[in-house]
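Analysis of the macromolecular model
So you can see what is in the structure, the chains are spelled out below.
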Protein chains: 2
Amino acid sequence: MRAADRSALLTDLYQLTMLQAYFEGGMNATAVFEFFVRKLPPGRNFLVAAGLEQALDFLEHLHFAAEELDWLAGCGRFDRRCVDTLAELRFTGDVQAMPEGTPFFPDEPILRVVAPLPEAQLAETRIINLLQFQTLVASKASRVRRAAGDKLLVDFGLRRAHGAEAGLLSARASYLAGFDGTSNVLAGMRWGIPLYGTMAHSFIQAHEEELAAFENFARCHPQATTLLIDTYDTEAAAAALLPLAKKLAADGISIQAVRLDSGDLGEHARKVRAILDAGGEPRIRIFASGNLDEYEVQRLVAAGAPIDGFGVGTRMNTSADRPYLDCAYKLQEYAGAARRKRSEGKATWPGRKQVFRRCDAAGRMAGDTLTLETESALGEPLLRAVMRDGRRIKASPPLAEVREYAQRQLAVLPDALRDLEAVAAYPVEVAEPLHELARQVDARKH
Amino acid sequence: MRAADRSALLTDLYQLTMLQAYFEGGMNATAVFEFFVRKLPPGRNFLVAAGLEQALDFLEHLHFAAEELDWLAGCGRFDRRCVDTLAELRFTGDVQAMPEGTPFFPDEPILRVVAPLPEAQLAETRIINLLQFQTLVASKASRVRRAAGDKLLVDFGLRRAHGAEAGLLSARASYLAGFDGTSNVLAGMRWGIPLYGTMAHSFIQAHEEELAAFENFARCHPQATTLLIDTYDTEAAAAALLPLAKKLAADGISIQAVRLDSGDLGEHARKVRAILDAGGEPRIRIFASGNLDEYEVQRLVAAGAPIDGFGVGTRMNTSADRPYLDCAYKLQEYAGAARRKRSEGKATWPGRKQVFRRCDAAGRMAGDTLTLETESALGEPLLRAVMRDGRRIKASPPLAEVREYAQRQLAVLPDALRDLEAVAAYPVEVAEPLHELARQVDARKH
C-alpha cells in the first residue's frame, strides 16, 4: 500500500467525479488555477509562503498506482474508460510561484498552475493541503522568532502536531522561518535541520535518584548535556547539581544547560540563575519549554527573564490561536477566457496575475501591486516560473538557503508589521487592468 | 526512503539520547507508561478515545530501517554499539487500553504500555502524536454530531487538515465519532468509510454557462447528482435548475440535492427551499457547507433552517477552537517500583491504574473510579489487554463496528454532558489505594 502522502487518492471524491465529467465532455483545454489567501487571520500582519517544495514534488510524482486504479474500478462510481484515462494521467503543466520564505498578503497568488483542466483540477486538494499548512506554521514561527530576538529557538512540537506529516513539515516550516533547529530526528535526516534534545522526566524518574540520572546522562553525552531539573523541585535540583558539575569538570565534562518545563518559567529562571551564579557556574545556560508561543516568549523576554533559549512546541506547530488559513485554489482562466467566482464574500480576481513589490530607498518593502501577468508595474515581480511541462526548471535550493532567503525577506518588512498585534494593512494596490478584466468577466452571461 | 508515518526516526532526539544512556547503564527493566489527558480543554465535558488502532500498528512494526541506522551511525551522536542495539530493537511489550470510542475524563489512562524501558521510552513521541490527534478530532466530531441530530454529516476537511496523515486520520476519527462519511477517497479505500462529494466552483466556472455545467454533471453522474448553486447567484441558480430538473426527469435522471457554500446559509436555504417547493421539486434536498462547526450547526438547526445535511471541514478536522490536548505519556512504574512526577501543575498518579465505570439503573454513566490495577471497584473496568509480547491479542474490529460501539457509548453519557458548553464535571473518584501509593512514592528520597 502506498503511503498516504504519496497516494493519488488523498483527494476529495468530487475531484474524481468532476474528472469523469471532464473526460466525457472532452474538456481538456488549458486551465489556470491560483492559490491565494482571502483574508489574514485576525492579529496577523503578513504571511510567509511555504510548502512549494512539497507541492512541486507532489506534481512531479502524481499518478495512480495499480491498487488505486483497481479500487476505483471496483467502487461502482467510475466506468472503465474513466479509470483507464486516470491510469495515464500525469501532471504535464507549468507552475509559477513565489519562492518559499516570501512574505505575502491577501489576494496575492503565491502559486499558479497552468495545465490541462483535469490535471490542474485533480491537484487542488493536495496543493491546498500542502501550501496552507506550511504557510500557516512558517507565519506563526516567524512571529515566535521576532518575539525571541536572538535567543535559541527549537521546535519541540512533533508529539502534538496533527499526525506524522504535520510533525515533519512543521519542523521544516519553522526552521525556514527562523527557528534554529528541531527535536524531530526525521526532519534532521531529511533536510539537515540542526537537532536539539535534552531528556524527558521519565529518564529522571527511571533512576532512583535525580542526581544519578544527571550524572549518567552527562557521562553518556559529554558533548551535549542539558539537564531537566523540574521533575521534583526545580531550585533544589539546581543547587544539587553544583557539586556534580565540579565532579564532572574534573573529568573534562561540562554541563551546558538546564531545562525548565513547568511552573512560572521567568520566576524559576531567575532563582536558578542566582543559584548557578552563586555556585560558580555562570556558564550553565537556562533553556525553557512548556506552553510557549510568541506572546509568552515576548512576555518572558520583556520581563528580562534570564532564559537563553526556548523549546516551542504545540502552540507553534498547530498555530494554535489560528489553526487554519482562509485560502483557496481557484480557476482563473479556462480555454483562454478569464473566469471568476462571485460567491458572497468569496469573489476572486480573474486571470493570470503577477505581484510587483516596491522597496524604499532603505530597501524596505513599500507596497505591492496586483495586476495581470501581461502588465508591468513598479517593483520586482514575485511569481517566477518553477516548473515547465511537469518538471522542475531547476533543482530546489537546500533548505538552509531557503531559510537565509526568508531571513533577508523578513528583514525588509516595514517595521510596523513586526508587531504581534494587528496594525494598519500593508498597501496592496489592485491595478486598473485587473479591475477592467473583472468587469468584462462579470458582464458575460452564465 | 520510508514514508514518514513508518519511520522510527519520526521521534524526538532525546528519545534516542536517553536510549543510549539506558543501554550503557543496562537499564532494561520493565517500565510502565500511561497515556492520559491532564485537563479537559475549556468548554469540553468529555473526550472520546481514538487512535488505538494506529498506535498498535506502530508498535507492531517498530524497527529502524537500514538507511535510518546508517544515518544515525554517521550523525556523530551515537556510537556503534548504540546503533547496533537499535538495529535489534523491536517492541516486545504488553498494552492495555480503552476501546476506541470510549468517553473518558482527565487523569484516566486510555492506554498503558508495559515493556523494557528502552522500548516503552522510544514509543512515547509517536504514541502521543497518534492518540492525541484522533482523540481530539473524535471528541470535536462527536459535538458536531450532537448539534446536527440525525442530519447527514460529511467530513470535508482534507484540504485544510495539517498534512496528509491529519486528513486521513481526521476522516477516520470523525466517522468513528458519528459522521456519516467523508469526501476523502483514500479514507474510503482504507476503511470503507462512505464517500460523499458534489462539485467544485471550478467545475461551474470551466463551463460557459452554469446550467450546462449542471446538465453535464447530472448526465455523467445520474445516481449521485448534487449541484453547487452559489457560484454566481444562489437563488437565480435554484430557479434556473427547475426546467433542467424536468428535462432530466424525462430521461430518468433526478437531481438529488443542491449545495450552498457561502453567504447566510440559513437564509439562502429558506429561499432555495421555497423556490424548489414552488417549482414542484420538494424532493431535492439542501446540503450546506462553509465554515461550519458544532456551534454554527446548532444555530442553523435551532433556527429551523431547511438544511438536510452538512459538509463540515476545517474547523472540525483541526479542532479549531481547541487544536490540542493537554496530554502526556508518563512513566508510572520502573523495575517494580511506582514512580510519579511532581512538577508544578503536572503531578501524575503513580502505578498501574484501572478505571471502573458505574451505570445507573437506566444504563446511564453514573461515575468512574480511578484506582490501582490490582484493586477492584464498583462498575466495569475500561482498560483491557490488547497486545501481548508485541503482538495484538486479536484482530482489530472493522471501523464500522468501532463506530457502533462509540455510538452506544455516547448514548449513555449523562444528559448534562451533552451540552456544548461546559457543565459540572463528571464524577471521577480517585480511590484510597492510589492516594496511599502516591504518599508512599512522595516519601521516597530522590
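None of these values were measured; they are calculated from a predicted model.

1. Quick notes on the overall build of chain A
Helix and strand counts for chain A come out as 16 helices and 19 strands. Seen through its C-alpha atoms, chain A measures out along the principal axes to roughly 80 × 55 × 35 Å. Expressed as a percentage of the 446 residues in chain A, the buried residues total 56%. For chain A, the share of sequence-separated contacts (at least 6 apart) that also reach a separation of at least 24 residues comes to 72%.

2. Some details on the sheet that holds strand E5 (residues 111–116) of chain A
Residues and elements named next belong to chain A. Taken in spatial order, the seven strands of this open sheet run E13-E12-E1-E5-E3-E17-E18, and their pairing is antiparallel. Edge positions in the sheet fall to strand E13 (337–338) and strand E18 (391–392), since each of these pairs with one other strand and no more. Here strand E17 (residues 384–388) pairs with E18 via two bridges, running antiparallel. Residue Met387 lies in a different strand from E18, and its bridge partner there is Arg392. Relative to strand E12 (residues 326–334), helix H6 (residues 124–148) is tilted by about 140°, and along the sheet it contacts strand E1 (30–39), E5 and E12.

3. Observations concerning the domain arrangement of chain A
Note: interface size is frequently given as the accessible area lost on complex formation between the parts. Per the domain assignment, the segments making up chain A are domain 1 (4–137 + 327–443) and domain 2 (198–307). The C-alpha centroid of domain 2 of chain A is placed 46 Å from the C-alpha centroid of domain 1 of chain A.

4. Side note on the relation of the copies chain A and chain B
When chain A is fitted to chain B, the best match, at an RMSD of 0.0 Å, comes from turning it 180° and sliding it 0.0 Å along the axis. Such a combination of rotation and displacement between the chain copies is what one expects of a two-fold axis. Looking at chain A, 100% of its interface residues are interface residues in chain B too, so the copies touch through the same face.

5. As for the interface of chain A and chain B
At the junction of the two partners, chain A supplies 83 residues and chain B supplies 83 residues. When contributions to the side of chain A that touches chain B are tallied by element, the ones reaching two or more residues are helix H1 (13–25), helix H5 (117–122), H6, helix H7 (164–176), helix H8 (185–191), helix H9 (201–206), helix H10 (210–220) and E12 of chain A. Here the element with the most residues in the side of chain A that touches chain B is H1(A); it accounts for nine residues. In terms of residue class, the side of chain A that touches chain B is built from 38 nonpolar, 29 polar and 16 charged.

6. Some points on the pairing of strand E15 (residues 365–372) of chain B
All names here are of chain B. In this sheet, E15 lies alongside strand E14 (residues 353–359) in antiparallel orientation, the contact comprising seven bridges. Following the sheet pairing, Lys353 is matched in E15 by Leu372. Linking E14 to E15, which pair antiparallel, is a turn of five residues; within it Gly363 sits at a positive phi near 90°. Sheet analysis places E15 next to strand E19 (residues 428–430), joined by three bridges and oriented parallel. Residue pairing across strands places Asp368 opposite Val428, the latter belonging to E19.

What counts as what
- Residues numbered from 1 in each chain as written.
- Chains lettered and ligands numbered in written order.
- Predicted model: local features only at pLDDT ≥ 70, side-chain atom pairs only at ≥ 80, totals over all residues.
- Helix = DSSP H or I, 4+ residues; strand = E, 2+ residues; numbered from the N terminus.
- Buried ≥ 20, exposed ≤ 12 C-beta atoms within 10 Å, placed from the backbone.
- Contact = placed C-beta atoms within 7 Å.
- Pairing = 2+ DSSP bridges.
- Axes fitted to C-alpha atoms, helices over the stretch in contact; angles between N-to-C directions.
- Domains from an automatic or database assignment.
- Least-squares fit on C-alpha atoms with pLDDT ≥ 70 in both.
- Nonpolar A, V, L, I, M, F, W, Y, C, P; charged D, E, K, R; others polar.

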